[in-house]
Amino acid sequence: MSRMAGLPAVHPVAGLPAAVRIYEVGARDGLQNESTVVPVAVKAELVRRLFAAGLPVVETTSFVSPRWVPQLADAEELLADLGELGRSTNAPVLVPNVRGLDRALALGVRAIAVFGSATQTFAQRNLGRSVAESLAMFEPVVEQAREQGLWVRAYVSMCFGDPWEGPVPVASVVHVARALMDLGCQELSIGDTIGVATPGHVVALLDALGSAGIARDTTAVHFHDTYGQALANTVTALREGITIVDASAGGLGGCPYAKSATGNLATEDLLWALHGLGVHTGVDLDALAATSAWLAGHLGRPSPSRVVRALAGGASAENGNL
Ligand code: HMG
Ligand code: MG
């Protein structure tokens, strides 16, 4: 028995970064798809526990239309409950338009994310407008946010495949990514919204983004795990020089406007792999897994994360409950 409870043995390999910054999306991407509204006190407790577990960045909610995403209609109440915690550059929120920015600024938010699409169909379904029209919607948002000193991230969705359009050309992703960075966004997140990416495709896209002058050190990967490829894709991206990884506590997630989008890469599954590889994250796996088990209790179903389930099983065995 060489391993401590809740952590794998460490076997580093060459070619990986020394540290990874995990961008936690569970409170936003994880919850936005839940049909039953989660009480705002539970959301606030979730965000507090995620920070307490050592996560460096926790995306808290979205300032979108409450008609489009009813689950996150309580963004104001959540931010009020969070107080100072929500007014940090480590607590970004999703903002689609100037109306959303004004709502966020009124609460003292210091970091936002706009979210574009590499495909026309998803732009229409998620934002009610074309790719070009959505870029035009984001332009004043990014400009005003930067003027106010906010940190701004840009997501691009459907970077690998789209449920309506099929495979997505790398050039379409590069076009939207470049346009968003040219607006003044400081970080790019490449979204595999429906989880169809495979490692070779990841390398091809990162190469193309690099050729378009998009820096690796400000590019994040955002994988959903529909086909069980999220972790393989992530390790591939790390080998390519990526050091920012989006993940969702407990593997919750999905996009209400993307047919066949399932959960994100589970933060616990990512932590297990990174710890085993000797890559520093600063996150306490046991504290995080306990948080996901607690949240699963509120949602009324077990976490889809394999690591959360394995650790919960181990805890039962230690307690003699098997
Ligand atoms: P619109 O153009 O105003 O369209 O909204 P609308 O006519 O459907 O407006 C709906 C109502 O919302 C109107 O009010 C607007 O005034 C109001 P009503 O007339 O019904 O009283 N409204 C707002 N209210 C509050 N805050 C606002 C706001 N804006 C308008 N900011 C809009 C266009 C973009 C706002 C809408 O399409 C929308 O909210 N879309 C958001 C969809 C969304 O949140 N999707 C999930 C996030 S993306 C994702 O998950 C992918 C990601 O994880 C990466 C990946 O995996 O790929 C990031
Ligand atoms: Mg997502």
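Here the structure is a predicted model, which means the values were calculated and not measured.

What counts, and where the lines are drawn
- Residues numbered from 1 in each chain as written.
- Chains lettered and ligands numbered in written order.
- Predicted model: local features only at pLDDT ≥ 70, side-chain atom pairs only at ≥ 80, totals over all residues.
- Heavy atoms only, no water.
- Helix = DSSP H or I, 4+ residues; strand = E, 2+ residues; numbered from the N terminus.
- Rg over C-alpha atoms; globule rule 2.2 N^0.38 Å.
- Buried < 20%, exposed > 50% of the residue type's maximum accessible area, 1.4 Å probe, protein only.
- Contact = heavy atoms within 4.5 Å.
- Areas by Shrake-Rupley, 256 points an atom, 1.4 Å probe, with all protein chains shown as cover.
- Lys, Arg positive; Asp, Glu negative; His and termini not counted.
- Charge placed at Lys NZ, Arg CZ, Asp CG, Glu CD.
- 1 Å grid on protein atoms, 1.4 Å probe; cavity = no way out; pocket = protein on both sides within 12 Å on 5 of 7 lines; lining within 4 Å.
- Points joined across faces, edges and corners; volume = space filled by probe spheres on them.
- Nonpolar A, V, L, I, M, F, W, Y, C, P; charged D, E, K, R; others polar.
- Core = buried A, V, L, I, M, F, W, Y, C linked by side-chain atoms within 4.5 Å.
- Donors = N, O, S within 2.8 Å, 3.2 Å for Na, K, Ca; no water.

Let's talk about the overall build of the chain
Line of reasoning, step 1. Per the secondary structure count, the chain includes 12 helices and 10 strands.
Line of reasoning, step 2. Taking 2.2 N^0.38 as the reference for a compact globule, 322 residues should give roughly 20 Å; the C-alpha atoms of the chain span a radius of gyration of 19 Å, in line with that estimate.
Line of reasoning, step 3. Overall, the chain is about 60 × 45 × 35 Å in size when its C-alpha atoms are taken along their principal axes.
Line of reasoning, step 4. Of all 322 residues assigned to the chain, the portion counted as buried reaches 53%.
Line of reasoning, step 5. In the chain, the share of contacts with a sequence separation of at least 24, taken over all contacts with a separation of at least 6, comes to 76%.
Line of reasoning, step 6. Accessible surface, the chain as shown: approximately 12700 Å² in total, 54% of it carbon and sulfur.
Line of reasoning, step 7. Looking at charge distribution, the chain has the averaged site of its 22 positive side-chain charges lying 2 Å from that of its 30 negative ones.

Structural notes on the layout of surface pockets
Line of reasoning, step 1. The space that makes up the largest pocket amounts to roughly 580 Å³.
Line of reasoning, step 2. Forming the boundary of the largest pocket are 34 residues, of which Val64, Pro96, Phe115, Asn126 and Leu127 lie nearest the centre.
Line of reasoning, step 3. Those elements that place two or more of their residues in the lining of the largest pocket are helix 1 (26-30), helix 4 (98-106), helix 5 (120-127), strand 5 (151-157) and strand 8 (187-192).
Line of reasoning, step 4. For the lining of the largest pocket, the class distribution of residues is 17 nonpolar, 11 polar and six charged.

A look at the nonpolar core
Nonpolar side chains in soluble globular proteins tend to be buried together.
Line of reasoning, step 1. Grouped together as the largest cluster of nonpolar side chains are 99 residues, with contacts concentrated most on Ile112, Val156 and Leu209.
Line of reasoning, step 2. For this core, the element with the highest residue contribution is helix 6 (residues 131-147), accounting for seven residues.
Line of reasoning, step 3. Non-local contacts of Ile112, meaning those with residues more than four positions away in its chain, are made with Pro92, Val93, Val95, Leu101, Val141, Ala145, Leu150, Trp151, Val152 and Arg153.
Line of reasoning, step 4. With six residues, the next largest nonpolar core counts Phe122, Ile194, Cys255 and Ala258 among its residues.

Structural notes on the coordination of the magnesium ion (ligand 2)
Line of reasoning, step 1. The protein atoms donating to the magnesium ion (ligand 2) are Asp29 (OD), His222 (NE2) and His224 (NE2), with metal-donor distances spanning 2.0 to 2.4 Å.
Line of reasoning, step 2. Mapping the donors of the magnesium ion (ligand 2) onto the primary sequence yields the spacing D-x192-H-x1-H.
Line of reasoning, step 3. Of the residues examined, His222 reaches a relative accessible area of 5% and is grouped as buried.
Line of reasoning, step 4. His224 sits in the buried class, given a relative accessible area of 2%.

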